[in-house]
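Okay, here's what each chain looks like letter by letter:
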Amino acid sequence: MFKQILALLNRIIRYILQATFNPFNPFTYSVQTLNGAHTMQLLHIDSSIHGDQGVSAILTAELVALLQAKENLEVKHRDLSSNRIPHLNAATHGAFGIAREQLSAAQQQTLTLSDTFIAELKSSDTIVIGVPMYNFGIPSELKAWLDHVARAGETFSYTSAGPKGLLASKRLIIIATRGGQYQGTAKDTQSAYLKQVFGFMGLVPEFIYVEGLAMGAHRDQAIDHARQAMATLATG
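Residues numbered from 1 in each chain as written. Predicted model: local features only at pLDDT ≥ 70, side-chain atom pairs only at ≥ 80, totals over all residues. Heavy atoms only, no water.

**Student:** Which residues make up unusual backbone geometry, and what values go with them?
**Tutor:** One non-glycine residue with positive phi stands out, namely Asn135, at about 50 degrees. Checked against the element boundaries, Asn135 lands in the loop between strand 4 (126-132) and helix 5 (140-149). Of note, the phi angle at Phe136 is positive, near 70 degrees, even though the residue is not glycine. Assignment of secondary structure puts Phe136 in the loop between strand 4 and helix 5. Its relative accessible area of 40% is what places Phe136 among the partly exposed residues. (Helix = DSSP H or I, 4+ residues; strand = E, 2+ residues; numbered from the N terminus. Buried < 20%, exposed > 50% of the residue type's maximum accessible area, 1.4 Å probe, protein only.)

So, in structure tokens, the structure goes:
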């Protein structure tokens, strides 16, 4: 009986240690269960220029918490506005098609960054992205990230039957926040672009739209509707 109690205490201690914040990587944290169930990987990306005070960032954090309540998750969080990514240029674009042994030091650095982002995508089971609308488009920080992850031979390939996405097994959830109401109109250039670029990589986005944030009374109603949609999605 004494040995059984000690064994139980050891399991509880291991559980507490595994559930604590990882101080060596401030953007990664995990929750394990006592039964040793598989830990799913979630990539959480924010692109609001307002950091964690942006509506999209607040809602993505809430969605991630809802998903964590449902299953074992290890979360990798990237705030693209506070950790800026170099925009695509000729040297960077050219590096994607050059053999590694022929790369310059600058090109190698560019590929290291791109390889890191792609590895995070490949290792993730679920991807959650907050996407505000600025001047009818996506944030430039998100465009820079996309330009680093959309790479032939890594996230898509060219075949005799045409392009093939290589990330088809993953779930992608996008929370799209807008000051006005544009869903389903010609002014919603975001949705078509995101469907196309992610579709090229084999991903099919699930959208939660939060519109009318700059339209007075519509703001609270839009956020409430988004939270309802998030709760339904998290339990689905």
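After that view of the structure, there is still more to cover.
**Student:** Tell me about the side chain of Glu141, and name the residues and values.
**Tutor:** Here Glu141 lies in helix 5. Assessed through its relative accessible area of 9%, Glu141 is described here as buried. Setting aside residues no more than four positions away along its own chain, Glu141 makes contact with Ser47, Ile49, Leu80, Ser81, Arg84 and Ile85. (Contact = heavy atoms within 4.5 Å.)

**Student:** How would you summarise the pattern of salt bridges if you had to cite specific residues and measurements?
**Tutor:** A complete count under the given rule lists 11 salt bridges for this structure. Between Glu120 and Arg78 there is a salt bridge whose closest N-O contact spans 2.8 Å. Here Glu120, found in helix 4 (residues 105-123), pairs with Arg78, found in strand 3 (residues 73-79); they are 42 residues apart in sequence, far enough to count as distant. Looking at Glu120, the relative accessible area reads 10%, which means it is buried. With a closest N to O distance of 2.8 Å, Arg151 and Asp115 form a salt bridge. Here Arg151 is found in the loop between helix 5 and strand 5 (156-159), whereas its partner Asp115 is found in helix 4, with 36 residues between them in sequence. Note on Arg151: relative accessible area 7%, which makes it buried. You can call Asp115 partly exposed: its relative accessible area is 23%. Through salt bridges with shared partners, a single network forms among Lys76, Arg78 and Glu120. (Salt bridge = Lys/Arg side-chain N within 4 Å of Asp/Glu carboxyl O.)

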